[in-house]
Amino acid sequence: YQVFQPQGVSDCNEKSRCPYFYVSFSVPGGNLTGSDVFFAAPEARPFSRMMALPALYLSPHPHSAHNARVLVALEYGGHRARLMDTRREVQAGDGAAGQTVAGLPAVEAESGGHVWGGAAVAHLLAPAAMRGSGSEGATLVRQWTSYADIELLPIACATAFPALGLLKPNKQVVDRAQVELLKTMRFLDDHLRLRTYLVGEKITLADVAVSCALLLPYQHVFNPEFRKPFVNVNRWFETCVNQPEFRRALGEVKFCDGRPPESGEKSAGGLGRGAEREVEGAPLPAGGPGHERGAPQPTPAPTPAPVKKTPAQLKKEAAKREKMDKFLQKQEKMKEQQQKMPEKKPKVEKKEKKDLGVITYDIATPPGEKKDVSCPMPDSYSPQYVEASWYSWWEKQGFFKPEYGRDLSEPNPKGMFMICIPPPNVTGSLHLGHALTNAIQDSLTRWHRMCGATTLWNPGCDHAGIATQVVVEKRLWRESRQTRHDLGRQRFIEQVWRWKHEKGDRIYHQLRRLGSSMDWDRACFTMDPKLSAAVEEAFVRLHDDGVIYRSTRLVNWSCTLNSAISDIEVDKKELAGRTLLPVPNYPDKVEFGVLVSFAYKLEGSGEEVVVATTRIETMLGDTAVAVHPRDPRYQGLAGKFAVHPFCDRKLPIVFDEFVDMEFGTGAVKITPAHDQNDYEVGMRHGLQFINIMDDNGYLINVPEPFLGMKRFDARKAVLEALTQKGLFKELKDNPMVVPVCSRSKDIVEPLLKPQWYVRCSEMAKMASDAVRSGELRIIPDTHIKTWFGWMDNIRDWCISRQLWWGHQTPAYFITVNDPSVPAGEDADGRYWVSGRSLDVARRKAAERFNVSPDLISLRQDEDVLDTWFSSGLFPFSIFGWPDQTEDFKIFYPGTLLETGHDILFFWVARMVMLGLKLTGKLPFKEVYLHAIVRDTHGRKMSKSLGNVIDPLDVIMGISLEGLHSQLLDSNLEPAEIERAQAGQKSDYPNGIPECGTDALRFALCAYTSQGRDINLDVNRVLGYRHFCNKLWNATRFALRGLAAGYQPQDTAQRSAQESLMDRWILSRLSHAVETCNRGLKLYDFPAVTTAIYNFWLYELCDVYLECVKPVFAGEEGPVMWTARDTLYTALDIALRLISPIMPFISEELYQRLPRRQPHHPPSISVTPYPQSEECDWRDEELDRNVDFALSIIRTTRSLRADYNLTKTRAHCYLKCQDQATADLIGPFSSYIQTLSSCMSVSVLVEENCPAGCAIGIASDRCSVHLLLKGLIDAEKEVTKLRNKREEIGKQLAKLREKMSTADYSTKVPQKIQEMEAEKLRQSETEQQKVEEAMRNFEKMM
């Protein structure tokens, strides 16, 4: 290739040469110039300085993606250009002279210099911000644009051109292109899962290049069925092509609907597309304002003549055709041979093996009766078989009750463990986040129970005020086309209770399937009479103490729900700029993410002050303009007023330090009744508070014509009215966060409302002090900072909700029927009284106003209390507080609160504050906060994404169709259902396999090491089901080895007859017991699961069971009897170790073991948990020696695998460095022989190993020599290795050549460099091994 710099550009501005360089590639048949490669010198000057009113030459191709890219870049850059017609032969003297049409688009400055190629021209025309932020962003943008040109555009054209009739169809080419395009779409969809744009948070040239490359496929190839799985790409593509700049450049982009393109239909970027404008000689695609007009249209361009190919090209194509013909002939021949071959019968064995996991327990067992385990064990583990019948038996036997086996009135020397469930919402079903909570809590509960503590895990369910009311209202409308107002409050509440009785038990059913060992006789619902009485008592006490008070303040208001909502029910939707969002009850999407600037005229002068807002409709409620007191621009405005343009209101200019002088004009409009910051400014300056919106979002207290308008309709009307008055200044994109109600999807409005508030400062201080003093412990301590952040900066808590379902506020508005007492206002707390009954409230009101009770009229507040208020009382309301019940005395305060860290403030902090205030005690001593469960891709669980998984679906398995049908039964809108189904199809194309409860619980506990988030992969859960199968098979083998009639010793203890491996497995068991107890005590669940997994899989199954197989195959005697005792001890203790986490399989296997004593506990769930004192068998020196022997075994196995000795046994020689090493290995030689499948094992020190051995290094003290001579054909192996060496050599040469190029380190992404360096290292290692093996084989020849 040749690098050159255009001449004639050096005088365009300065006396320097043009900083832009172009590359001309020499290819057969001509030159390709600069289309894909563009360099800029460091001192490159911006486009606006280099070129003034340039000429833009577009490609005459009717479907040019490069044209589209350049026109979009031109729109974003805001430049003016003369669009030139290129649908004619380029004449000498033209700016385009000397270049081929293939080089277009091009841009030419008036000075004569020009830039060729779509990538270069788009880069030049686009603003700097679109080229990437910082060096890393710029690099990524360049990589994406190169990817679009080199990888994406060719396959897009190869797929689309045949569909448009522009290219003769070639099935092989089209199929290959479609496969590549499908891969590309999957890659893009995965990349865009967590991103709005390809690079950064704004549209860049990367988005422009890739979206323009995909224009033709989206318009003519990607039918709706094809597009459906690629939810993220579709969202991104629609976002791009609906940007104003794209629409001005390309017109409206219509997606393919499955019909073939009509004759003459054109694509974006082609001539005649979009809103056409006349340019020099031809109509061209819309290019935005500022384009120069030209002459009338010329006639369409003739079809270009085919390009003449060079002899070299023709020869190459002939060779390709010949190669393809040979390939097709070979395929045809293979097909004929297959047809002639007799049809193979299907292997029944494989089918049986595939279906082996689906086994059911078919013995009739009434609920509550013990499962029959006298039948033979099935050949493999099946969750359905194992989990059948156990839970109902546990529950009926009362194993989960704290009273089991003890008198609660007597103190328990082993302590007490009490935990209450974070009550799940009654609205539906549990998800995997709940499953994690219950897996952790049940593991801890079962462990404490097995350790002998008095244990209570108290279940319960939350009434979920807003969520439940929304669900029932939707159901009511769907079934009878009625609203709650049609029914009235009482009948509607009856409907909710009916729904609760129908659906509420589903959650308890799920909890039982998860194996949760709860005391169901103590189950509570937050609307039960006992808990409702506690809520009423708490409100009255706090109101009487002045902690609860009435006030008019700004709240989060949902116009759809007609209710205030809590902060946790507000989703923060981040927008990068102008975005259209759907809003309930609006037919069209509403614009957000724009900043509107307008002017207020100053009273008595022609001056004006410019302010900006993202909610222009709220200017109707403005009552002031604020500026910073030190802003020199506005010092002269002190004491002045602005005039509202739509009414006679005067707006004082106030000086306040909250104003950011650097933002906008430095002047801020103040709407105290509709913005939190403005509210505080209004309070500081005594401003007027004007509420311009009613509960439904219609405007009030505003002038005509805005009165009665819906809030977002008024947004357009106000903007239009300001424009007409000449006060509108500009509208521009503005990154912002939009508050969205998580329940109704409505845009949340800050509204002034009289509500009930809890004064939190004093209670928060007590909660903070409890943590600082260590009285309350938060685990992990990384959350302590968050705790203090909330507590030390707490605001008062709004507890009013304008709902019907929930605890109606026990507060009454007072009307005194006495003319001497003035009427009260709703916001005046003096006219509100609380009481446990109407009579009590009336007496309190009469005493307050010193009148007779018969002069008092009371009206109960129709609002209900925030659900979090009743949940905050849960730790003591479940025990009957305020009554001093026996349960309250025994179990309050509790031991532990375990929940997700996302509700640390909303629930945990409020329980602590209310517990300290109302009972004088902390509700629990420790708080353990687990991670948040997300999907495999790290996304938050959301029903609309289709990634909310019912734990029962993981336990029992479900097909993709089953997942889809669940969505149809939900309350999602049709569009949300379609999006969710696409997400399910992408993540679970074959559905979810049956994993079982134990595998799910084990996986969730193992996952807790990931920190704040858990990206749950169902495949990992499936892996733990295979682990369960390993436990199953190990126990089956052990039971056969123990033999019928085996009776274990009364206690687990060592004798003097254990073999080395007997002692070793007991030592490892002792280590596992110590690790599990320590891990459960410290809430280190991954340490527990790792210890269990390693012991069962790598120590018991892989080593010990293999070592005792020869023993059990031998004759009866002391060695076998000792091995049986050791194996029984290992199984007995190991099953008890896993029981808290895997209750079902541990119970099933434990019940099949013989008992040590006749009066042993009936269930493993109430059997003592293994303790270190019971298992004092640790032998660290033996552990080290066995580890050394195992390293020898691994080396030997590796050698066998390298030489493919799968069934052949070879003699093994262990060459030791010294006699001490030989003495250490000697006792293990028989185990090494067994575990490495060798013919014999000889330990050598001075002696030499025989010739013809393969050598492996086990350690610096011992090498393994495997005798291969006579076992393999050395010559044949050398030939194979020689071929392999050549193949590896070619790979190495190719890699080294690529990595040695001068610009490799700068142009190739770092991640790719690391991958290729690792590939090089692996290939070099493999080459060394091959050469070493060749030398060994050559010695045998």
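A few points on the structure. What you see is a predicted model; the values in this text were computed from it and never measured. (Residues numbered from 1 in each chain as written. Predicted model: local features only at pLDDT ≥ 70, side-chain atom pairs only at ≥ 80, totals over all residues. Heavy atoms only, no water.)

**Brief notes about the overall build of the protein**
Thought 1: Assigned secondary structure in the protein consists of 44 helices and 42 strands.
Thought 2: By the burial criterion, 51% of the 1341 residues in the protein qualify as buried.
Thought 3: Sequence-distant contacts in the protein: of pairs separated by 6 or more residues, those separated by 24 or more amount to 74%.
Thought 4: When the accessible surface of the protein is split by element, carbon and sulfur atoms take 51% of a total near 63,100 Å². (Helix = DSSP H or I, 4+ residues; strand = E, 2+ residues; numbered from the N terminus. Buried < 20%, exposed > 50% of the residue type's maximum accessible area, 1.4 Å probe, protein only. Contact = heavy atoms within 4.5 Å. Areas by Shrake-Rupley, 256 points an atom, 1.4 Å probe, with all protein chains shown as cover.)

**Some words on the packing of aromatic side chains**
Thought 1: For the coordinates displayed, the defined rule picks out 54 aromatic pairs.
Thought 2: Ring geometry for phenylalanine 905 and phenylalanine 906: centres 5.6 Å apart, planes at 70 degrees, overall edge-to-face. With respect to burial, phenylalanine 905 and phenylalanine 906 carry one shared label: buried.
Thought 3: With a centroid separation of 4.7 Å and 40 degrees between ring planes, the pair formed by phenylalanine 1027 and tyrosine 1093 is classed as tilted. Of this pair, phenylalanine 1027 sits in helix α34 (residues 1018-1042) while tyrosine 1093 sits in helix α36 (residues 1085-1113), and the two are 66 residues apart along the sequence.
Thought 4: Every member of this aromatic cluster is reached through a ring pair, and the members are Tyr218, Phe222, Phe226, Phe230, Trp236, Phe237 and Phe255.
Thought 5: Cation over ring: arginine 512 sits above tryptophan 520, and NZ or CZ is 4.1 Å from the ring centre.
Thought 6: Of note, arginine 1261 hangs over the ring of phenylalanine 1188, and the distance from its end group to the ring centre comes to 4.4 Å. (Phe/Tyr/Trp six-rings, centres within 6.5 Å; stacked < 30°, edge-to-face > 60°. Lys NZ or Arg CZ within 6 Å of the ring centre and 35° of its normal.)

**Side note on helix α14 (residues 390-397)**
Thought 1: Along α14, the residues classified as buried are Trp390, Tyr391, Trp393 and Trp394. The buried residues of α14 occupy one face: seen down the axis, they fall within an arc of 165 degrees. (Arc of directions from axis to C-beta.)

**Quick notes on helix α29 (residues 904-919)**
Thought 1: Where burial is concerned, most of α29 is hidden: 15 out of the 16 residues are buried.
Thought 2: Glycine 920 sits one or two positions beyond α29 and adopts a positive phi of about 75 degrees.

**Here's the deal with the packing of α34 against helix α38 (residues 1143-1150)**
Thought 1: Look at α34 against α38: their axes get within 11 Å of each other, and the N-to-C directions meet at 5 degrees. In terms of axis orientation, α34 runs roughly parallel to α38. Residue-level contacts link Cys1028, Leu1031, Trp1032 and Thr1035 of α34 to Ile1145, Glu1148 and Leu1149 of α38.
Thought 2: In the contact of α34 with α38, the residues fall into five nonpolar, one polar and one charged. (Axes fitted to C-alpha atoms, helices over the stretch in contact; angles between N-to-C directions. Parallel < 35°, antiparallel > 145°, perpendicular 65-115°, else oblique. Nonpolar A, V, L, I, M, F, W, Y, C, P; charged D, E, K, R; others polar.)

**Some details on the nonpolar core**
Thought 1: Counting residues in hydrophobic clusters, the biggest one holds 174 residues, and the most contacted among them are Trp1096, Leu1100 and Phe1337.
Thought 2: Contact partners of leucine 1100, with chain neighbours within four places excluded, come to Ile1065, Phe1095, Leu1105, Leu1127, Ala1130 and Leu1131.
Thought 3: With 75 residues, the next largest nonpolar core counts Ile548, Val771, Ile778 and Phe891 among its residues. (Core = buried A, V, L, I, M, F, W, Y, C linked by side-chain atoms within 4.5 Å.)

**Here we look at the sheet that holds strand β14 (residues 548-558)**
Thought 1: Taken in spatial order, the four strands line up as β15-β14-β27-β29 in an open sheet, and their pairing is antiparallel. Each end of this open sheet is capped by a strand with a single partner; those strands are β15 (563-565) and β29 (797-798).
Thought 2: Note that β14 and strand β27 (residues 749-758) share ten bridges and pair antiparallel. What sits directly across from tyrosine 549, in β27, is tyrosine 757. (Pairing = 2+ DSSP bridges.)

**Quick notes on the sheet that holds strand β33 (residues 856-860)**
Thought 1: What the three strands build is an open sheet, ordered β32-β31-β33; its pairing is antiparallel. The outermost strands of the open sheet, each flanked by one partner alone, are β32 (832-834) and β33. Across the sheet, the mean angle separating the axes of adjacent strands is 40 degrees when strand polarity is ignored.
Thought 2: Where strand β31 (residues 811-816) and β33 come together, five bridges link them in antiparallel fashion.

**Comments concerning the packing of α14 against α38**
Thought 1: Direction vectors running N to C along α14 and α38 enclose 85 degrees, while the axes themselves pass 11 Å from each other. Here α38 runs roughly perpendicular to α14, going by the angle between their axes. When α14 is examined against α38, the residues Trp390, Tyr391, Trp393 and Trp394 are found in contact with a partner set consisting of Pro1143, Phe1144, Glu1147 and Glu1148.
Thought 2: Looking at the contact of α14 with α38, its residues break down into six nonpolar, no polar and two charged.

**Topic: a positive patch on the surface**
Thought 1: On the surface, Lys474, Arg478, Arg743, Lys745 and Lys940 cluster together to form a positively charged patch.
Thought 2: Along the polypeptide, lysine 474 turns up in helix α16 (residues 465-480).
Thought 3: Using a relative accessible area of 33% as the deciding quantity, one classes lysine 474 as partly exposed. (Patch = residues over 30% accessible without salt bridge, like charges linked within 9 Å, V, L, I, M, F, W, Y side chains within 5 Å. Salt bridge = Lys/Arg side-chain N within 4 Å of Asp/Glu carboxyl O. Lys, Arg positive; Asp, Glu negative; His and termini not counted. Charge placed at Lys NZ, Arg CZ, Asp CG, Glu CD.)

**As for the environment of alanine 158**
Thought 1: In this structure, alanine 158 sits in helix α4 (residues 134-164).
Thought 2: The class of alanine 158 is buried, set by a relative accessible area of 17%.
Thought 3: Separated by 18 residues in the primary sequence, alanine 158 and arginine 176 place their C-alpha atoms 9.2 Å from one another.
Thought 4: Discounting residues that sit within four places of it in the chain, alanine 158 has contacts with Val174 and Ala177.

**Section: the state of the cysteines**
Thought 1: Tallied over the entire structure, the rule returns zero disulfides.
Thought 2: Cysteine cysteine 1249 is unpaired, with the sulfur of cysteine 1253 as its nearest cysteine sulfur at 5.8 Å. (Disulfide = S-S within 2.5 Å.)

**A look at the pairing of strand β11 (residues 454-458)**
Thought 1: Across the five residues that make up β11, a large majority, five, are buried.
Thought 2: Across the two faces of β11 the burial is the same, with Thr454, Leu456 and Asn458 and Thr455 and Trp457 all buried.
Thought 3: Taken together, the five bridges between strand β10 (residues 416-420) and β11 define a ladder with parallel strand orientation. Within β11, the residue paired with phenylalanine 417 across the bridge is threonine 455.

**Regarding the pattern of salt bridges**
Thought 1: Evaluation of the coordinates by the stated rule reveals 62 salt bridges.
Thought 2: Taking the shortest distance from any N to any O, the salt bridge between glutamate 1316 and lysine 1298 comes out at 2.5 Å. Of this pair, glutamate 1316 sits in helix α44 (residues 1310-1340) while lysine 1298 sits in helix α42 (residues 1274-1299), placing them 18 residues apart in sequence.
Thought 3: By relative accessible area, lysine 1298 is classed as partly exposed at 41%.
Thought 4: Linked through salt bridges whose partners overlap, the residues forming this network are Lys401, Glu403, Asp519, Asp521, Arg522 and Asp887.

Any functional reading would require information that these geometric values do not contain.
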